[in-house]
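Results of the structural survey
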Amino acid sequence: MEWRDIGQKASYKLGKTNDKAGRHTVFRLIKWLLYLAILAFIVLVGYAYLGPFFGADFAPPSNEIRQEIILDAN
């Protein structure tokens, strides 16, 4: 076997029949990732609106802070 024959008999080329099948798989993956991102966004917005009804408190802790400020005005 010569070194130039290795590329023709590579294992990653065995299952690949044409280029369109690979592109179709990539576009299908991107489509499902887009659907998943949209679903995650809808769930996040729903949680933001409905969370307080289920006990989630999104309000920041409110504490009064007093700090003395000295101005150097002449």
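What this report covers is the structure whose coordinates are included nearby. Each chain has its residues counted from 1, following the order in which its sequence is written. Thresholds applied to this predicted model are a pLDDT of at least 70 for local features of residues and 80 or more for the giving and counting of side-chain atom pairs; totals over whole chains, interfaces and linings are not thresholded and use all residues. With hydrogens and water set aside, each side-chain value is computed from the structure's full complement of heavy atoms.

Secondary structure elements are defined from DSSP: runs of H or I of at least 4 residues count as helices, runs of E of at least 2 residues count as strands, and each element is numbered from the N terminus. Within the protein one finds two helices and zero strands. Of all 74 residues assigned to the protein, the portion counted as buried reaches 4%. Accessible surface area values rest on a Shrake-Rupley calculation with a 1.4 Å probe, where residue burial reflects the displayed protein chains alone. On the protein, roughly 8000 Å² of surface is accessible, and the fraction owed to carbon and sulfur atoms is 64%. Buried, partly exposed and exposed residues are distinguished by accessible area as a fraction of the type maximum, computed with a 1.4 Å probe on protein chains only: under 20%, between the cut-offs, and over 50%, respectively.

Another point: the packing of aromatic side chains. Note on aromatic contacts: the rings of Phe and Tyr and the six-membered ring of Trp form a pair at centre separations within 6.5 Å, being stacked when their planes are under 30 degrees apart, edge-to-face when over 60 apart, and tilted otherwise. Under the counting rule described, the total for this entry stands at two aromatic pairs. Each ring, one from Trp32 and one from Tyr35, has its centre 5.5 Å from the other, and the planes form 85°; the classification is edge-to-face. Here Trp32 pairs with Tyr35, and both are found in helix H2 (residues 19–50), just three residues apart, close to one helical turn. For Tyr35, a relative accessible area of 43% puts it in the partly exposed group.

Within this analysis, patches are made of residues with over 30% relative accessible area and no salt bridge. Like charges are joined at 9 Å or less; nonpolar side chains (Val, Leu, Ile, Met, Phe, Trp, Tyr) at 5 Å or less. A pair is scored as a salt bridge if a Lys or Arg side-chain nitrogen falls within 4 Å of a carboxyl oxygen belonging to Asp or Glu. A contiguous nonpolar surface patch, about 1100 Å² in accessible area, is contributed by Leu34, Ile38, Phe41, Ile42, Val45, Tyr49, Leu50, Phe53 and Phe54. Relative to the assigned elements, Ile38 resides in helix H2.

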